[in-house]
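Working through the structure, step by step
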Amino acid sequence: MPQTLSSMSLFNRSARTVPAEVKAPSPLLLMMEARAPWELAALWLSAPWLRQLGRGDGHPVLVFPGLGANDVSTLPLRNLLRQLGYAPQPWNFGFNFGPRQGVLRGCVEHVRELHERHGRPVSLIGWSLGGVYAREVAKLLPAEVRCVVTLGTPFAGPPRANNAWRFYELVSRQKLDDEHELRAQLHVAPTVPTTSIYSRSDGIVSWPCSLNEAAPHTENIEVVASHTGLGVNPLALYAMLDRLAQDPRRWRRFDRPAALRWLMDHGPARPETAQASNAA
């Protein structure tokens, strides 16, 4: 397996290199992950509103689950996509326990098969660690991938700037290191339109670790959400659906609606402010 997997405000400025002193989210933010069931309930309540956002064009969407999760965790998201007219697909590799022999290769073949079957590029959605797979697959198959949307994915920053690294080492049987070259490689965005949806109140992943570097085809969208609830959070899914509806040939950055700005805008995000934010 390649080394890259061994281990709502909009920002036009560069996220820059995440400082090494960025720490994992505070115990308070970790405790706030308990709100995830309420986010799922909010999805059920807001489903009629989300279904009014317009029909999808039927293109395939491959959804990658987060660390320690399987395709069951992405069922609500995929059901919504199906109701809206997309062709959502599970990743089909069981529980995501990190890099395993043949998984990345299998994901690449899965995307190729979907591209051939549907005759259209495939959108990739990755929740948490699943977003790392989505980004790396897109780097290998830029012609077959339409866009990438990640939800709370830690593709930048120190490998232990999260509250899941011990669990990762346990289930993956791999030790995280601080190899700068690898971290820099993961931080490089795919060449297709790439969106990172993240939350400053994420209790698992330190939010600066989810910021794309500024480029014409990248963006960062901030929402109010927990980490474990990002895949069912109505605000995150609203942004995701807006991105899936974009024509990649005329891609434009997300423009949040005025009615939601107070829920999707926390002001300028700078990696240097991470310590203060995580200490909240």
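First, a word on scope: everything that follows refers to the structure included in this document. Note that the structure is a prediction, hence the values are computed from the model and not measured.

Quick notes on the packing of helix 4 (residues 103-118) against helix 5 (residues 129-140)
Where helix 4 meets helix 5, the axes come as close as 10 Å, and the angle between the chain directions of the two elements is 60°. As helix 4 packs across helix 5, the resulting crossing turns out to be right-handed. Contacts between helix 4 and helix 5 involve Val-103, Leu-104, Cys-107, Val-108 and Val-111 from the first element and Tyr-133, Val-137 and Leu-140 from the second.

With respect to the side chain of Glu-219
Following the sequence through the fold, Glu-219 ends up in strand 6 (residues 218-222). A distance of 2.6 Å separates polar atoms of two side chains, one belonging to Glu-219 and the other to Thr-195. Polar side-chain contacts of Glu-219 include one of 2.9 Å to the side chain of Arg-243.

Some words on the pairing of strand 4 (residues 145-151)
Of all seven residues in strand 4, seven are buried; the element is thus mostly enclosed. In the sheet, strand 3 (residues 122-127) pairs with strand 4 via six bridges, with the strands oriented parallel. Among the inter-strand pairings, Leu-124 is bridged to a residue of strand 4, identified as Val-148. Once the chain exits strand 3 it traverses helix 5 before rejoining the sheet at strand 4, and the crossover so formed is right-handed. Relative to strand 5 (residues 194-198), strand 4 is paired through four bridges, and the arrangement is parallel. Residue pairing across strands places Leu-151 opposite Ile-197, the latter belonging to strand 5.

Comments concerning the sheet that holds strand 2 (residues 87-89)
With respect to topology, six strands assemble into an open sheet ordered 2-1-3-4-5-6, the strand pairing being parallel. The open sheet has two edge strands with one neighbour each: strand 2 and strand 6. Averaged over all adjacent pairs, the angle separating strand axes in this sheet is 20°, with direction ignored. Bridge analysis of strand 1 (residues 60-64) against strand 3 gives four bridges, and the strand direction is parallel. Following the sheet pairing, Val-61 is matched in strand 3 by Ser-123. The sheet contacts of helix 4 involve strand 1, strand 2, strand 3 and strand 4, and relative to strand 1 the element is tilted by about 160°.

Here's the deal with the packing of helix 2 (residues 36-50) against helix 8 (residues 234-244)
Packed helices, taken two at a time, are described by their axes: the angle between them and the distance between them. Two elements in contact, helix 2 and helix 8, have axes whose closest approach is 9 Å; the angle formed by their N-to-C orientations is 45°. Taken together, the axis directions place helix 2 and helix 8 in an arrangement best described as oblique. Taking contact as the criterion, the partners of Glu-39, Ala-42, Leu-43, Ser-46, Trp-49 and Leu-50 in helix 2 are, on helix 8, Pro-234, Leu-237, Tyr-238 and Leu-241. Each residue belonging to the contact of helix 2 with helix 8 can be placed in one class, and the counts come to eight nonpolar, one polar and one charged.

Examining the packing of aromatic side chains
Tallied over the full model, the rule gives seven aromatic pairs. Here Phe-64 and Trp-91 contribute two aromatic rings whose centre-to-centre distance is 6.3 Å and whose plane-to-plane angle is 65°, an arrangement assigned as edge-to-face. A residue pair is termed long-range when its members are at least 10 positions apart, and Phe-64 in strand 1 and Trp-91 in the loop between strand 2 and helix 4 qualify at 27 residues. Residue classification places Phe-64 among the buried positions, given a relative accessible area of 0%. On the basis of an interplanar angle of 70° and a centroid distance of 5.6 Å, the ring pair of Trp-91 and Tyr-133 is categorised as edge-to-face.

Re helix 6 (residues 165-172)
What helix 6 keeps buried is the set Trp-165, Tyr-168, Glu-169 and Ser-172. Viewed end-on, helix 6 has its buried residues packed into an arc of 95°, placing them on one side of the element. Pointing more than 90 degrees away from the buried face of helix 6 are the exposed residues Arg-166 and Leu-170. Structurally, helix 6 contributes buried residues whose contacts are with helix 5.

Rules of the game
Residues numbered from 1 in each chain as written. Predicted model: local features only at pLDDT ≥ 70, side-chain atom pairs only at ≥ 80, totals over all residues. Heavy atoms only, no water. Axes fitted to C-alpha atoms, helices over the stretch in contact; angles between N-to-C directions. Helix = DSSP H or I, 4+ residues; strand = E, 2+ residues; numbered from the N terminus. Left-handed = near helix turned anticlockwise from the far one by under 90°. Contact = heavy atoms within 4.5 Å. Polar contact = N/O pair within 3.5 Å; in protein donor to acceptor, adjacent residues only side chain to side chain. Buried < 20%, exposed > 50% of the residue type's maximum accessible area, 1.4 Å probe, protein only. Pairing = 2+ DSSP bridges. Right-handed = clockwise from strand over helix to strand, strands pointing away. Parallel < 35°, antiparallel > 145°, perpendicular 65-115°, else oblique. Nonpolar A, V, L, I, M, F, W, Y, C, P; charged D, E, K, R; others polar. Phe/Tyr/Trp six-rings, centres within 6.5 Å; stacked < 30°, edge-to-face > 60°. Arc of directions from axis to C-beta.

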